[in-house]
Every structure is written in structure tokens, then in C-alpha cells.
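So the chains spell out like this:
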Amino acid sequence: MNTKRAVSFAFLFLFIAAAAFPQAAQPQHPGKIKQAFKKLNTLGSVLYLAAHPDDENTRLIAWLAKEKHFRTGYLSLTRGDGGQNLIGTEQAEELGLVRTNELLAARKVDGGEQFFSSAIDFGFSKTPEETFEIWNREKILADAVWVIRKFKPDVIITRFPPDQRAGHGHHQASALLAIEAFEAAADPSRFPEQLSVVTPWQPKRLLWNTSSFFQGSPPTSSHLLANIGDYNPLLGESYGEIAAESRSNHKSQGFGAARQRGDIVERFEVLAGDAPKNNLFEGIETSWERISGGERIGRLVAEIDRQFDMEHPEKSINGLLELLALVGEVENDYWKDLKTAEIKNLILACGGIWFESYAPVSQLAVGEQTTVSTAYIVRRPDVTVAVGDHLLAFNELYEQSESLMATGTTQPYWLRQAHGLGRFTVAHQEDIGRPLNNDGPKTPVTLSINGKTLTFERPVVYKYTHPVRGEVYEPLVVTPRITANIGQRALVFNGTQPKALEVRFAGHTQDNVSAVARLQLPSGWRAEPNEIPLQFSTKATEVVSRITIYPAEDPSLTDSLGIMLEYPDGAEMASAIQTISYDHIPKITWFPPAKARLSKIETGFSAKHIGYLPGAGDLIPAALQEIGLQVTLLSEQDVLSGDLSPYDAIVTGVRLYNVDPRVRYMQQQLMEYVKGGGTLVVQYNVSRGLQVDGIGPYPFELSRTRVTDETAPVTVQLPESRVLNYPNKITQADFDGWVQERGLYFVGEASKQYNRPLRIADPGESPSDGSLLVARYGKGNFVYTSLAFFRQLPAGVPGAYRLFVNLLAKPID
């Protein structure tokens, strides 16, 4: 039997737990059902607050959520956009998308909920003053207050202290904001525009969860200690074991963790509010007695829990339905809504009731329709479940089909508008805090269970069977009608010669769609052709257009081009379509603007054939090819058994010496290559986890020094150095226009055989000469650089290109 019912992308104002991408309503084993009963009888909430993905204490979150059964959330002020990536080439917004989903995967394991502000991780910051200036302190404070007023935590816990011990400006800023938000959330005069939706809220206390990084001294009477090393027999794991699995989802940061067993003592210091003497929730009522009329509810929950039959969980359903009716009479909307959702999910779990909605395609275009199937099954006997007029038979699958209309793209909400350096532009206040979109395709579901009507909703997904991974679920993606993927992120022009641009246009709708694509170029630039007529009659078809771009006679150093799509019903700037796929997180699809950076440089060349040994993942090879260099990606076999002499220079990718244990076997051949007359350029590594005893031909040590101000003055202390003169004369102008930072993890102590031609410092700090080391070894050149070329070259920074070309230069015989 099929029923037809239109399903739209309805906007539902919900601020509830967001786990990793939901697949189906997964039934729970009896141990987890018992856990859920304990949670159902607990009315307390705690919010952990820090700056980045990975800052959270997963042991503590797991213990609070699964041992103490509090509603537990983590507010990460940023999505980790400015960090480094150890598993791929994603940077900036794309890295933020990866880390957002890694956090959601972590919360799925440890039982917490995930929230974000609109702050951007703009890279390492040394002071909270710089952080607040870039973020806009008042705006991010408003975000934190909004989350607190929505989440209503009894206790807030910070990861970092509000002083210089925090180390990172973002870390210290997160603690300072927590202190301010603790008071501001309760003050109706602060951010009163929020009060049409939320009410002021005063948490009981604000604590700092100190760690081994900050303790440095034995506990004192002012510290609250909590042993969180408990073993949970219902789950079969300790919280140290659960935490390791949770933290190991931070794969892009290389944070795989070992399972811990035994006592784990956490230390807390009071930052604001009442000081507890014995436990975190001292003086806070966390039973049903905290709300009017709750005593009866608490007794019923305890009775249902006591009578729970692990072999026949369906016997608890009628009691849960009675409980649901009682909770529905509660006047406290916050706890009523939360506990209603918990009870409904428990009813499904006890009845073995499963349902999901899925589409036959992975993508739809805006304006397209498709048929969505919703499958149901009840797998416990003596449970009466009806979908509409259809009574579900025991253990038999039943499906309905419905039509779905795609009305808007599934672009992540924080990336729908252009943003500045410090904050994402979020159009709707209700989206603040949410980890993912709330307006995606959903199916409303109404069930009659033992005669009582219950409503649910499920996201519409796409699923398929992978020959290795098995059944795989993906979010249903809604795309623009036409997308335009530009082949290069940056077009770098050396002189006035034109360059070829390749644009891949794709039609995503089943119906005919046509448009005219027009290039949007800076003044004085031109393109041939400048307009491309597009006509698509079949879904998922592509055409590749090759366009010649002619630079202006006297262009600015950098600019950008875009593409306008003129449809019969209106015009819009084109978007690209990009996908990110890793096994540990759901597939990600997003739609960045179809733009490319235009850069004009004047550079000579000495080295033209470059060998590149990939490291943790970067975009340097494509950036070098953009200026006409021949780049060959090298493997371990190429280094160990091949002839390296054809390469004018070899470059190692960022953190190669950290992430590739095989580099210890390649190192001798690389040194022999230099000794025989080659140039080896090694990009930055960190001191922890080096795979070799020495990176260069002579000793040097890596430090944690970095220069985070991309405009920091650069002093030339060896003006005659060949790397500053050949083939390009490097001047101060070559350090203009850099992005995010100058460099990171500079060299500290080093052998006198190295020349150190540059000195750089952040404002107010002592200059460091560890950003660039050059040494002659045998007939060749060894270069070690901590300058952030992995950010500059993909961004098309002209001066960075000119300097990097110099580093590649062939040695003088």
C-alpha cells in the first residue's frame, strides 16, 4: 500500500541533542535502556566550554553524561578552521566542516551534545586582546549567552584558565567569555533582543577543569576533586575507555588516544558562583523534585525502572505511555520537552520499533521532486503499532512512499553568506549554537502505539551498500540547478602572458535547465570567451569550458574572478560543488562560491623539475604547477630505488617527518641527493613525534615559536644570501599580502653551518631567526623553512611564490 503526501523542508525550531549524522532510529540493547531510565530520572545539566575541537575533556563529558546522567553539552567557540590537517588537504572552511563532524562523531560516543558560536578559528593567537579584536568580543559573548539561555546549564565548566597559563589567545578568551557570560545570561538588560525566544538564566556555578598542563602544584583545600575512573557494567566500559574512543574521532588532528582504566582524578577550581565542597552539583536539585508536581513522576520512573524486564522490554511500554501523559502536564517547558523526547525514544527502544526515511538518489536540485520511502517494523510481540490505518504485523517490514520537493540547498548555514576573518555571518538567531542545519529534508511520522498517538520526525537520507564498508548512509544533498567548478583555486600570471582556465559546469536537475555563464573580472582583465551558453537536459551531466584569461597591463597584486549564471527566471552568482569523504565521518557536500584568485608575479626560474614527497597533506604541488613548474609526486620506492638526479629540487610536504615512519629509511638517500648537488627544501615539522634523529645534515632543534601576525615586519639580516637574490631579488614588498600567519614551529638552536637570513617577530616580542635555515652540504643545498608556504602558495600570494622559487634554485657549482 502506498500513500502520497507532500514533504517539504519545514523549519522546526528545535535546540536538542545533535549526534553524528543520524542514520535510522537505532534500537538499543537492554543495558542502554537501563541507562536511559537513569537519565530519565535525572534533571541536571552541565555545559563544557572551550575554544576548539579537541579542547574538550572527553573523559569528563562521558562521566557526566553516562555515569551522572546529566544533560551534558560542549560549546566549542570555533569549528577548528585555522588548524592543520593530518589526513588530507582540507583547509579553512573545509577543515572546519571536517572537524565539526569529528566533534559530532565524538559526542555520539561520549553522550554529550555539541554546540558552536559564530567565531572563526583564524589561526594561533598569542593574546586574548587580539582574539577579541578579530572575533568581535560582544558578538561572540552574545552567542555564548544565547547558548546558555537555551541550554540552561546548572554548572558551566571551562577547560582553560582566564590568564596566560591558557597559552593560546583563543583558550584564554574562551575562559574570559565564560566568566562574563555566566553573569550576562541572567541579566535581562544584556542582549534583550534574545528574550522574545529565551529567558534569562543563572547557572549555579562556574568551574575551571584544570589539567596536567596547568596544575604544577599539589591540590589545595580550594580544589574540588572528582574520581571519574568508574566502570559502567551496563555499558561494559570505563569512562577512560569511552573517552579514548570519543577522542580518537579527532583524526584530522592526529589525536588517537589509548584507553585508560582505573582511577582518573579531575581537579576543579571555582571561577564564579557557589563553591562546592563535595561534588559538582552540590546544592542543586537534580531529581524530579526540582519542578512542581515532579515527585509523582519520579516515583513512576523508578517503578518502571524497577520492573524492567530485559528479556521482554515491551512490557514497559504501557508504563512509559502513562509517564508520557504525566510529563505532558508539567508546566516547566524546558524539562517537559526534553523528557518527552526521552520517553518517546524509550518507547521505540522497548518495542523494537524501527523506521527510517530514504530517497532513491543522493542528490536533488532545487525545485526537483522525488519519491521518499519510509520503512517501518516492530520487532517485539504484544505491541500494537499502527501507521495511519495500517496495523504493523509483528516483524514484517512495511513501507510508505511520499513525494518530496527540494526548496533550498543544503549549504551549511554558517557558510551561506560571505564572512570576514573573525566571524561567520549567521542570518537567523535560532541557528546560533547548532552544529548543523536544522532545515534539511525531514519526514514527519505519526504512530499509534498501544492506542496512543506519538509523533516523530526522521531526516531523509540516502543509503547504499558498499562492497567493503557495508551499508552506508549519507545526508540527502540539495544542490543548485547548475554548479561551476573552476580548475584552479588561484591563477598566477608571470608577466602579461594569458593563461587557460578550465571550468566544469554541471547540471543537477532531471528537467531541462539553461543559463548563460558570464565571467566577472576585475577592471582591465578580459576573457575569451566571456560568456558560455549552457543547456542541460539530463541529470548529472557536465560540460568543460576552456577560457583564456588575459591580465590587465598593470593589475593589482591580487584580485579574483567569479561567474554569474543568468537563468531565464533570474541571475545568481555561481557556486561550485565540493565533497569531502572520510570513513570516520559522514560524507560532506558543500557549495563554495565559484571563484578563483588572480595573482600577478614577476619571477625567474632556476629549478624547473621538482620532486615532491607528500606529508600530512597540502596543496603545494598544484600551486607550483600553476607557475609552470613540472612537479612529480614521489613515493618511498622512488626515493629508495629510483634515480633522483633528474630533479632540480625535492620538496617535502608539511610534517612529513612527523607522519611518515618510512622517512627514516628515505633520509639517507635524501641526504645523498643533496650531497651530490641537489636542493632539498623541507617544510615545517613539530618536535613531538619526529621519525628521525636529525632532519638536516647538521643538527638543529625545533621550538614552539611562531609568528601569528601575517603582517609582522620581516628583517633581512643576511642581505647577500643567495636565497634572497636568485633568481628573484626579495624585497619588503614580497612579504605583503600574506595570509593567517608568517610561520610556525621555528627552529631554535642550530649548528653554525646554517645561515639564517631572516628575522621575524610578532609585535612586542623578541625577533626569531628560525623561520629559514640554509646550508651547503657537499655540492648541494639543504633548506629548512617554517614559513607558512602551505597557506601562502594556494592563496596565490605573489611574494611567497618569488621566495619559494628562490629556495628551489639549483646550487652554484
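Quantities reported herein were computed from a predicted structural model and do not represent experimental measurements.

What follows deals with the overall build of the protein. Within the protein one finds 16 helices and 42 strands. The C-alpha atoms of the protein give a radius of gyration of 29 Å, which matches the 28 Å a tight globule of 813 residues would have. A principal-axis box enclosing the C-alpha atoms of the protein has dimensions of 90 × 75 × 55 Å. The buried share of the protein, reckoned over its 813 residues, is 56%. Across the protein, every contact between residues at least 6 apart in sequence was considered, and the portion connecting residues at least 24 apart equals 75%. Carbon and sulfur atoms provide 48% of the accessible area of the protein, an area that totals close to 33,400 Å². In the protein, which carries 80 positive and 93 negative side-chain charges, the distance between the mean positions of the two groups comes to 2 Å.

With mixed pairing, the six strands of this open sheet are ordered in space as β34-β33-β35-β36-β42-β41. The open sheet has two edge strands with one neighbour each: β34 (630-633) and β41 (772-777). The mean angle between the axes of side-by-side strands here comes to 20°, regardless of whether they run parallel or antiparallel. On top of the sheet, helix α16 (residues 798-807) reaches β35 (649-652), β36 (679-683), β41 and β42 (780-785); it is set at about 135° to β36, its chief contact.

Turning our eyes to something else, we now look at the sheet that holds strand β6 (residues 205-210). The strand order across the open sheet formed by seven strands is β4-β3-β2-β5-β6-β10-β7, and the pairing between neighbours is mixed. Each edge of the open sheet is held by one strand with a lone partner, namely β4 (113-116) and β7 (224-227). Mean inter-strand twist for the sheet, computed between neighbouring axes without regard to direction, equals 30°. Pairing of strand β2 (residues 45-50) with strand β3 (residues 71-76), which is carried by six bridges, proceeds in the parallel orientation. Bridged to S45 within β3 is R71. Across the sheet, helix α2 (residues 58-66) touches β2, β3, β5 (155-158), β6, β7 and β10 (265-273), and the angle it forms with β3 is around 150°.

We now examine the packing of aromatic side chains. A full pass over the atoms with the stated rule returns 21 aromatic pairs. Aromatic side chains Y684 and Y745 sit 6.0 Å apart centroid to centroid with 10° between the ring planes, which places their arrangement in the stacked category. Note that Y684 is positioned in the loop between β36 and β37 (700-702) and Y745 in the loop between β38 (714-716) and β39 (747-750), a separation of 61 residues in sequence. Taken as a pair, Y684 and Y745 share a single burial class, namely buried. Centroid distance F700 to Y784: 5.0 Å. Interplanar angle 50°. Geometry classified as tilted. Here the residue F700 occupies a position in strand β37, and Y784 occupies one in strand β42, the gap between them amounting to 84 residues. Both residues of the pair, F700 and Y784, belong to the buried class. Pairwise contacts between aromatic rings join Y698, F700, Y754, Y777, F782 and Y784 into one cluster. R481 extends its terminal NZ or CZ atom over the ring of Y567, reaching a point 3.9 Å from the ring centre.

The subject of this paragraph is helix α1 (residues 30-40). Every buried residue of α1 is listed here: G31, I33, K34, Q35, A36, F37 and L40. Structurally, α1 contributes buried residues whose contacts are with α2, β8 (231-232), α8 (294-307), α9 (317-327) and α10 (333-351).

On to unusual backbone geometry, then. In this structure, P529 follows E528 across a cis peptide bond, with omega equal to -10°. Relative to the assigned elements, P529 resides in the loop between β25 (526-528) and β26 (531-536). Look at R655: it is not a glycine, yet its phi comes out positive at around 60°. On the basis of relative accessibility, which here comes to 16%, the residue R655 falls in the buried class.

Before going further, it helps to examine the packing of helix α4 (residues 128-135) against helix α6 (residues 169-184). Running from N to C, α4 and α6 point in directions that differ by 75°, and their axes come no closer than 8 Å. One element, α4, and the other, α6, form an angle in the roughly perpendicular class. Residue-level inspection shows P128, T131, F132 and W135 of α4 in contact with α6, the latter providing G169, H170, Q172, A173, L176 and L177.

Moving on, we come to the side chain of H584. As for its placement among the helices and strands, H584 is situated in the loop between β30 (578-580) and β31 (588-590). One polar contact links H584 to E102, side chain to side chain, over a distance of 2.8 Å. When residues no more than four places from it in sequence are discounted, the contact partners of H584 are I87, E102, A105, N249 and K251.

Now for the pattern of salt bridges. All told, the structure shown has 40 salt bridges when counted by the stated rule. For the salt bridge of R59 with E266, the shortest nitrogen-to-oxygen distance reads 2.9 Å. Taken together, the positions of R59 in helix α2 and E266 in strand β10 put the pair 207 residues apart, joining distant regions of the chain. The closest approach of N and O atoms between R71 and E113, which form a salt bridge, is 2.9 Å.

Moving on to the pairing of β36. When you tally the buried positions in β36, you get five out of five residues, the bulk of the element. Here β36 shows a buried face lined by T679, V681 and Q683 and a second buried face lined by L680 and V682. In terms of strand pairing, β35 meets β36 through four bridges, oriented parallel. Looking at the pairing, V651 lines up with V681 of β36.

What follows deals with the side chain of T589. Tracing the sequence through the fold places T589 in strand β31. A relative accessible area of 10% means that T589 is categorised as buried. Dropping the residues within four chain positions of it, T589 is found in contact with V477, I577, Q578 and T579.

Our focus in this paragraph is α2. Buried residues dominate α2, accounting for eight of its nine residues. T58, L60, I61, A62, W63, L64, A65 and K66 are the residues of α2 that are buried. The N-cap residue of α2 is N57: its side-chain oxygen and the backbone nitrogen of R59 are 3.1 Å apart.

Bringing the environment of V472 into the picture now. Counting through the fold element by element, V472 comes out in strand β19 (residues 470-475). Exposure remark for V472: the relative accessible area of 6% places this residue in the buried category. Here the alpha-carbon distance between V472 and A185, two residues 287 residues apart in the chain, equals 42 Å. Once residues within four sequence positions are removed from consideration, V472 is found in contact with Y462, K463, Y464 and H466.

Overall, the predicted model of the protein reaches an average pLDDT of 93, with 95% of residues at or above 70. Overall, residues 1-20 carries pLDDT values under 50, and its contacts beyond four positions in sequence, including any with other chains, amount to 67 contacts.

Here we come to the pairing of strand β27 (residues 541-550). Taken together, the nine bridges between strand β23 (residues 499-507) and β27 define a ladder with antiparallel strand orientation. Looking at β27, one finds that K499 is bridged to I549. Sheet topology places β25 next to β27; three bridges connect them, and they run antiparallel. Each residue of the ladder has a partner; that of E528, found in β27, is T548.

On to the environment of E626. As for its placement among the helices and strands, E626 is situated in helix α11 (residues 620-626). Owing to a relative accessible area of 10%, E626 belongs among the buried residues under this scheme. Sequence spacing of E626 and Q260 is 366 residues, and the spatial spacing of their C-alpha atoms is 48 Å. Within the local environment of E626, its side chain forms a polar contact with the backbone nitrogen of V492, the two atoms lying 3.1 Å apart.

Rules used in this analysis
Residues numbered from 1 in each chain as written. Predicted model: local features only at pLDDT ≥ 70, side-chain atom pairs only at ≥ 80, totals over all residues. Heavy atoms only, no water. Helix = DSSP H or I, 4+ residues; strand = E, 2+ residues; numbered from the N terminus. Rg over C-alpha atoms; globule rule 2.2 N^0.38 Å. Buried < 20%, exposed > 50% of the residue type's maximum accessible area, 1.4 Å probe, protein only. Contact = heavy atoms within 4.5 Å. Areas by Shrake-Rupley, 256 points an atom, 1.4 Å probe, with all protein chains shown as cover. Lys, Arg positive; Asp, Glu negative; His and termini not counted. Charge placed at Lys NZ, Arg CZ, Asp CG, Glu CD. Pairing = 2+ DSSP bridges. Axes fitted to C-alpha atoms, helices over the stretch in contact; angles between N-to-C directions. Phe/Tyr/Trp six-rings, centres within 6.5 Å; stacked < 30°, edge-to-face > 60°. Lys NZ or Arg CZ within 6 Å of the ring centre and 35° of its normal. Parallel < 35°, antiparallel > 145°, perpendicular 65-115°, else oblique. Polar contact = N/O pair within 3.5 Å; in protein donor to acceptor, adjacent residues only side chain to side chain. Salt bridge = Lys/Arg side-chain N within 4 Å of Asp/Glu carboxyl O. pLDDT = per-residue confidence, 0-100.

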